[in-house]
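The residues making up each chain are set out below.
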Amino acid sequence: MNYTDRIFPTNKGLTTYLDELIAKNYQIPTFQRDVVWQPENVKKLWDSIYKFYPLGSILIWKTELKLQNHRQIGGHQITDTDFNRTEYQYILDGQQRTTSLLTSLYGGSIEGRKNFDPLLYVDLTIPFDNEIDDESYRNRFLFWTEIDDRNGEIRANIGKKKRFDEGLIVKLIDIKNNFTTIQTNVFNSSIVNQDFNHPILTELSKIKGVLDNYRISFIEIKGIQVSEVCQIFERINQAGKPLNIFDIVVAKTFKPVIPPSINSKGDKGFYLRDLIDDFKNQDDNNSEFLKISDIDYLQVLAVIIKSNIPDSGIRNITDIYLNEIKTEHILEVWDNTKIAMLKTFDFFENHLHIKTPYLIPFRYFYFTITDYFYKNTAPNYDFLKKYFWFNSFHNNDLLSNTTHLNNHLEFLNNEKNNCVAVFERFLIDKQKLRSATYSSKGRMSRAILSLYASLQPRDWEHCDREVLVQNFFFSTDKPNLHHIFPTNSEYVKNTQHKNKITSDSLMNIAYLTQITNLEITNRNPLEYMQDYDKPEFEKIMPSHLLTDEVLDWARSGVLPENALDLFIESRVENILEALKQKLQGITFDTIDSIES
């Protein structure tokens, strides 16, 4: 298709559009959700129409794809149970306006507003003063709750109820469908009194003209791939929730429940969103890893489908291939995928002792490790641990794109099938360890904090207590991690020119309970280490990759001017030694780029 044919601007009459919607000519995909219906906004919308202001275009996606769609809008059925067409028209942008317009004219039900009638009335007695009038719409357009005086109980509504009874406040839909009757009633009212030139009759004719002649702009897009639809949707909904490929796949793979009374075989239906949500909300499992994103789950499924279903058409985890996932694909692998994912989460939590997804260096680990566990009756946990630490700390980013992903899947699959899977030389740069600072998304930052967590560090005050390393504050940009040399301590402030390495280095970080951290505050190690100087503390220092030097300084009462640099160098060596232990049998090389 030519690019110039992909976008087609057009327009339709307001009432024609709504009639076609009721006739089920348009669909609203389920990723269009969370309509916020406010009476004031509905009135402003009609005021714009009344003044013939533009409303902004409604974006329509024309495609042969059948997506899951909302069966109702504002309480109106807009989808047949057996809805099948050669081309579908989906409203990508404009659901809010469409809902407001439809319920204003045709009534219906509004979610969260029980017993509220959304039908809109117009008071023909309200004059239109001038072009910049911006207040009269509140009195011109009314809902029944603003008219009904409950037999005189609501004094503020008595006058409006009287005008309604006289036929001077009328439903918008009646002006559209029964204009002659409405016009006759107004003409014979006591106020108009059969005056052909009365302004109320002029107002009535104006509103009829608005309903007959106002046209809504549409932009129709055609020949657009799903990945492009996601981008378009996100760009036109800057203030709303971005659309992503998960929403599209949910809509495409949806199958309605068909009871046996309609079809002898029946059909349990399928809804991917419920499938994932049920997995996330397991009653007997409170793992933080269950909360990984919907996209993560979808890409896990894509990897499993690619590996286990021949000719599935899924060759990657990019949007263009995720779009090809079929309901039958998911159903075929789901039961074993659930088991594999739970084993993956258990591996992180109980074998590596990493309690939160915020510490996983590469999100692709979810895909590679789950694929390794899929239908694997004899997983090699020692091998898998080496795999994790090797790739987390290697000097090069080894799992940051889909080419890496495919290489990893092949590597793990070799071991899974009892073939040779040999790790290459491990290489790490000391300077990358020294200079690493906290980043909620940084690979090296997460790797270092994962290593600290894996050692199950103990609290300094109560040394028999394991620090809760699944700290909720890892979701923030500034977590409450303890600096062994506090960044605001007098020592750090006074010796900044004596130390080459910043106190923000992750080499200066330890996991502590919040209580212990607060007790230490901004004191320097020379002072606060004396509070913890006891045999129990010395025993748990290795769980923080700490050696005795910082304790020796506290005992002597003297901190060298370059103590921070000395301490960080010691910490770097401790990390390297810990990694060597975890990567035994693998060639282990270090470089120091600061020396080159």
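Coordinates for the structure precede this section.
What you are looking at is a predicted structure, and each value in this text was computed from that prediction instead of being measured.

Chemist: Summarise the overall build of the protein chain; cite the residues concerned and give the values.
Modeler: Secondary structure assignment for the protein chain yields 25 helices and 13 strands. Across the 596 residues in the protein chain, those meeting the buried criterion constitute 50%. Carbon and sulfur atoms form 46% of the exposed surface of the protein chain, whose accessible area is close to 29000 Å².

Chemist: Now, about the pattern of salt bridges: what can you tell me, with residues and values included?
Modeler: Under the definition given, this model contains 28 salt bridges. Ionic pairing is found between Asp47 and Lys51, a salt bridge with its closest N-O pair at 3.1 Å. On the accessibility criterion, Asp47 (6% relative accessible area) is buried. For the salt bridge of Asp294 with Lys280, the shortest nitrogen-to-oxygen distance reads 2.8 Å. Taken as a pair, Asp294 in helix H12 (residues 294–308) and Lys280 in helix H11 (residues 272–280) lie far apart in primary sequence, 14 residues in all. Given a relative accessible area of 21%, Asp294 falls into the partly exposed group.

Chemist: So, the packing of H12 against helix H14 (residues 327–351): which residues are in play, and what are the values?
Modeler: At a closest axis distance of 10 Å, the pairing of H12 and H14 adopts a crossing angle of 115 degrees. Between H12 and H14, the interaxial angle falls into the category roughly perpendicular. Viewed along their axes, H12 and H14 form a crossing whose handedness is right-handed. Where H12 abuts H14, its residues Tyr297, Val300, Leu301, Ile304 and Ile305 lie against His329, Ile330, Val333, Trp334, Thr337, Met341 and Phe345. Each residue belonging to the contact of H12 with H14 can be placed in one class, and the counts come to 10 nonpolar, 2 polar and no charged.

Chemist: I'd love a proper account of the side chain of Asp371, names of residues and values included.
Modeler: Examined against the element boundaries, Asp371 turns out to sit in helix H15 (residues 364–373). Only 3.2 Å separates the side chain of Asp371 from the side chain of Ser307, close enough to count as a polar contact. Sequence-distant contacts of Asp371, defined by excluding residues within four places in its chain, comprise Val303, Ile304, Ser307, Asn308, Leu409 and Lys416.

Chemist: Describe the environment of Pro525, with residues and values.
Modeler: For Pro525, the position within the fold is in helix H22 (residues 525–528). What makes Pro525 buried here is its relative accessible area of 1%. Sequence separation between Pro525 and His483 is 42 residues, and the spatial gap between their C-alpha atoms is 9.9 Å. Apart from residues lying up to four places away in sequence, Pro525 is in contact with Ile484, Phe485, Pro486, Val550, Ala554 and Leu559.

Chemist: I'd love a proper account of the nonpolar core, names of residues and values included.
Modeler: Phe393 and Trp460 are the most contacted members of the largest nonpolar core, which totals 124 residues. Among the elements that line this core, the one with the most residues is helix H25 (residues 563–582), at 9 residues. Other than its neighbours up to four places away in sequence, Phe393 contacts Phe426, Leu427, Ile428, Leu433, Arg443, Met444, Ala447, Ile448, Leu451 and Leu579. Within the second largest apolar cluster, 50 residues are counted, among which are Leu18, Tyr26, Leu105 and Leu172.

Chemist: Give me the lowdown on helix H3 (residues 95–106), citing residues and values where you can.
Modeler: Over its 12 residues, H3 extends 16 Å from the first C-alpha to the last, a length consistent with the 16 Å expected when each residue adds 1.5 Å. By the criterion of burial, H3 is predominantly enclosed, with 10 of the 12 residues buried. Within H3, burial applies to Gln95, Arg97, Thr98, Thr99, Ser100, Leu101, Leu102, Thr103, Ser104 and Leu105.

Chemist: Give a detailed account of the sheet that holds strand S5 (residues 88–93), specifying residues and quantitative values.
Modeler: Two pairing modes exist for strands in a sheet, parallel and antiparallel, and in both the strands are linked by backbone hydrogen bonds. Taking strand neighbours across the sheet as the criterion, the 4 strands line up as S1-S9-S2-S5 in an open arrangement whose pairing is mixed. Either end of the sheet is taken by a strand with one partner, and the two such strands are strand S1 (7–13) and S5. Here the average twist between neighbouring strands, direction ignored, is 35 degrees. Strand direction decides the pairing type here: S1 and strand S9 (residues 215–222), joined by 7 bridges, are antiparallel. Its bridge partner being in S9, Lys12 is matched across the sheet by Ile216. Its contacts with the sheet place H3 against strand S2 (58–63), S5 and S9, and it is angled at close to 105 degrees to S5.

Chemist: For the environment of Val300, give the residues involved together with the corresponding values.
Modeler: Structurally, Val300 is set in helix H12. Along the sequence, Val300 and Tyr366 sit 66 residues apart, while their C-alpha atoms lie 7.0 Å from each other. Setting aside anything within four residues of it in sequence, one finds Val300 in contact with Thr337, Met341, Tyr366, Phe367 and Thr370.

Chemist: Talk me through the side chain of Thr327; I want residue IDs and the actual numbers.
Modeler: Mapped onto the elements, Thr327 comes out in helix H14. For Thr327, a relative accessible area of 6% corresponds to the buried category. Here Thr253 takes part through its backbone oxygen, which lies 2.7 Å from a polar atom of the side chain of Thr327. Those residues in contact with Thr327 that lie beyond four places of it in its chain are Thr253, Lys255 and Phe270.

Chemist: Any chance you could break down unusual backbone geometry for me, citing the residues and the numbers?
Modeler: If you check the backbone angles, Arg150 has positive phi at about 50 degrees while not being a glycine. Of note, Arg150 is situated in the loop between strand S7 (141–142) and helix H5 (158–165).

Chemist: Describe the packing of helix H7 (residues 179–187) against helix H8 (residues 199–213), listing the residues and the values that go with them.
Modeler: Running from N to C, H7 and H8 point in directions that differ by 165 degrees, and their axes come no closer than 10 Å. Classified by the angle their axes make, H7 and H8 are roughly antiparallel. When the axes of H7 and H8 are compared, the crossing they make is right-handed. Counted together, Phe179, Ile182, Gln183, Val186 and Phe187 of H7 and Ile200, Leu201, Leu204, Ser205 and Lys208 of H8 form the full contact between these two elements. Looking at side-chain class alone, the contact of H7 with H8 contains 7 nonpolar, 2 polar and 1 charged residues.

Chemist: Quick rundown of the sheet that holds S7? Include the residues and the values.
Modeler: Spatially, S7-S6-S8 is the arrangement adopted by the 3 strands of the open sheet, whose pairing is antiparallel. The sheet is open, and its two borders are formed by S7 and strand S8 (169–171), each paired with just one other strand. Sheet analysis places strand S6 (residues 121–123) next to S8, joined by 3 bridges and oriented antiparallel. Each residue of the ladder has a partner; that of Val122, found in S8, is Val170.

So, how was this worked out
- Residues numbered from 1 in each chain as written.
- Predicted model: local features only at pLDDT ≥ 70, side-chain atom pairs only at ≥ 80, totals over all residues.
- Heavy atoms only, no water.
- Helix = DSSP H or I, 4+ residues; strand = E, 2+ residues; numbered from the N terminus.
- Buried < 20%, exposed > 50% of the residue type's maximum accessible area, 1.4 Å probe, protein only.
- Areas by Shrake-Rupley, 256 points an atom, 1.4 Å probe, with all protein chains shown as cover.
- Salt bridge = Lys/Arg side-chain N within 4 Å of Asp/Glu carboxyl O.
- Axes fitted to C-alpha atoms, helices over the stretch in contact; angles between N-to-C directions.
- Parallel < 35°, antiparallel > 145°, perpendicular 65-115°, else oblique.
- Left-handed = near helix turned anticlockwise from the far one by under 90°.
- Contact = heavy atoms within 4.5 Å.
- Nonpolar A, V, L, I, M, F, W, Y, C, P; charged D, E, K, R; others polar.
- Polar contact = N/O pair within 3.5 Å; in protein donor to acceptor, adjacent residues only side chain to side chain.
- Core = buried A, V, L, I, M, F, W, Y, C linked by side-chain atoms within 4.5 Å.
- Expected span 1.5 Å × (residues − 1).
- Pairing = 2+ DSSP bridges.

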